[in-house]
Amino acid sequence: MATDSADSQRLLLGRQTQADGADEFEDNNLAAPEPLSHNTGASFQRNPRSTNSGVFGSLKIVLLKSKLNLLIPCGFLAILMDYLSQNKAWVFPLSLLGIIPLAERLGFATEQLGLFTGRTAGGLLNATFGNATELVISIHALRSGKLRVVQQSLLGSILSNTLLVLGCAFFGGGLTCGKSEQIFRKEDAVLNSGLLLMAVMGLVSPAMLYYTHTEVNLGKSALALSRFSSCIMLFAYAAFIFFELSNSRRRDESRGGDQGDDDCEYAFPEISKWEAIAWLAIFTAWISVFSDFLVEAIEGASKAWKIPVAFISTVLLPIVGNAAEHASAVMFAMKDKLDLSLGVAIGSSTQISMFVIPFSVVAGWMMGQPMDLNFHLFETASLLITVLVVALLLQDGTSNCFKGLMLILCYLIVAASFYVYADPNIDGV
């Protein structure tokens, strides 16, 4: 019996030793970090092996991973040409090309930082940097007194996101997914459409006062109303973020803490948190530098190319600022993740209309610039019709190729309209 007991103890000890060795082997070699969901914004600890540590590793990931980075030297050529020549016709396109990869890398750094934050911080981060390129360009234009460029570029961002980006996503998803129709959560789409209509309301009121000459104080009442409405819109957007984050948290808790979702994208951080913050600062600074030359070259490019400033501001600038979002929305739709596509396209339009535009009005107020919400009759009507068309197409919660084609063709009509549009306030550019 003693011998059997000793043998049993040795056997148990041997099994425990093997288990400890296996656990140690897994801890040192095989254990993978827990996946991070940038869509849910959950907070996780970073595994040291999930990021490429070191400055050179970070440089390799950020600067060499994207082929678009080959366009970065175009921005420096624009600066050089601006100093060596007065020909603004080439400064503008070179600055435009130089900003494209910076905007894409800014989105990458924001996504990487979002992997380390919680849900609330991730939502605020996306709200701040989601349209950073448009915001930087708008601030530079405000400082230069180019109020119409600010208004038209932000209007163009809404039009391109709601018509061109969403149309391409619907069209591409319908072609590649092998389905006659794709389905998305119409509740989210209806809520965003309602916010867009609220933004249109904020733009219509000052325009109606201006064109009907019914201001109490001529030239001042519309500006005061714009500033008041902008504060209301900023408050509404903050409430919207809080509402969305609270609902998402409750949905996660109702699933017993399971944050898995068909629409979630799981990813590991490729750079550390502080590296992401550093790259955010670097890319924002360089976008700011290139944007300064871009804004100053708009009029010269318009005269040299004989293209209306309204077309440049409403069509060309937004396409550059939203280049990364365009690609993301289409790729998500082609993977049958249409909710993510709507979050990129419609969500970005909501950010611009309810955050960036009113913020620009408040920023102009602080700078002493009379930036208002009077986007003039033609532009306000274009936005109203666009929002109504998109809201009608989203109300059934389905998409197909034909809906996408309709949205793309609508954008072509709008773009052509701005090409022949004579801005009555061209001197205010």
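Residues numbered from 1 in each chain as written. Predicted model: local features only at pLDDT ≥ 70, side-chain atom pairs only at ≥ 80, totals over all residues. Heavy atoms only, no water.

- Labelled according to an unreviewed UniProt entry, the protein appears under the name Vacuolar cation/proton exchanger, originating from Sorghum bicolor.
- Turning to the protein, the UniProt record has this under Subcellular location (unreviewed entry): "Vacuole membrane". (UniProt positions renumbered as here; feature names shortened; annotations may be inferred.)

**Topic: the overall build of the protein**
- Counting its regular elements, the protein contains 16 helices and four strands.
- Of all intrachain contacts in the protein linking residues separated by at least 6 positions in sequence, the fraction that spans at least 24 positions is 84%. (Helix = DSSP H or I, 4+ residues; strand = E, 2+ residues; numbered from the N terminus. Contact = heavy atoms within 4.5 Å.)

**Side note on helix α8 (residues 186-212)**
- Along its 27 residues, α8 runs 37 Å from first to last C-alpha, staying within 8% of the 39 Å computed at 1.5 Å per residue.
- Turning to α8, its buried residues number three or more, namely A189, N192, S193, L195, L196, A199, V200, G202, L203, P206 and A207.
- H213 lies just past α8 and shows a positive phi near 55°. (Expected span 1.5 Å × (residues − 1). Buried < 20%, exposed > 50% of the residue type's maximum accessible area, 1.4 Å probe, protein only.)

**Regarding the nonpolar core**
- Within the largest apolar cluster, 99 residues are counted, with the highest numbers of intra-cluster contacts made by F92, L166, F170, L342, L383 and L394.
- Setting aside residues no more than four positions away along its own chain, L342 makes contact with L166, F170, F184, A189, G347 and L394. (Core = buried A, V, L, I, M, F, W, Y, C linked by side-chain atoms within 4.5 Å.)

**Notes on the packing of helix α3 (residues 72-84) against helix α10 (residues 273-296)**
- Contact geometry for α3 and α10: axes closest at 10 Å, N-to-C directions at 45°. Taken together, α3 and α10 sit at an angle that is classed as oblique. When the axes of α3 and α10 are compared, the crossing they make is left-handed. Here I72, G75, F76, I79, D82 and Y83 of α3 come into contact with α10, specifically with W286, V289, F290 and F293.
- Taken together, the residues of the contact of α3 with α10 break down into eight nonpolar, one polar and one charged. (Axes fitted to C-alpha atoms, helices over the stretch in contact; angles between N-to-C directions. Parallel < 35°, antiparallel > 145°, perpendicular 65-115°, else oblique. Left-handed = near helix turned anticlockwise from the far one by under 90°. Nonpolar A, V, L, I, M, F, W, Y, C, P; charged D, E, K, R; others polar.)

**Structural notes on the environment of M331**
- Following the sequence through the fold, M331 ends up in helix α13 (residues 323-334).
- Considered as a pair, M331 and A169 are 162 residues apart in the sequence and their alpha carbons are 7.6 Å apart.

**Comments concerning the pattern of salt bridges**
- In the structure shown here, the tally under the stated rule is five salt bridges.
- A salt bridge links K146 to E299; the shortest N-O distance between them is 2.8 Å. In this pair, K146 is assigned in the loop between α6 (132-143) and α7 (147-176) and E299 in helix α11 (residues 298-305), connecting sequence segments 153 residues apart.
- Taking the relative accessible area as the measure of exposure, K146 reaches 7% and is therefore buried.
- Put simply, R185 and D339 hold a salt bridge, and the shortest N to O gap is 3.7 Å. Of this pair, R185 sits in the loop between β2 (182-183) and α8 while D339 sits in helix α14 (residues 338-367), placing them 154 residues apart in sequence.
- Taking relative accessible area as the criterion, R185 reaches 38% and is therefore assigned partly exposed.
- A relative accessible area of 18% means that D339 is categorised as buried.
- Here the salt bridges do not stand alone but share partners, grouping R185, D188 and D339 into one network. (Salt bridge = Lys/Arg side-chain N within 4 Å of Asp/Glu carboxyl O.)

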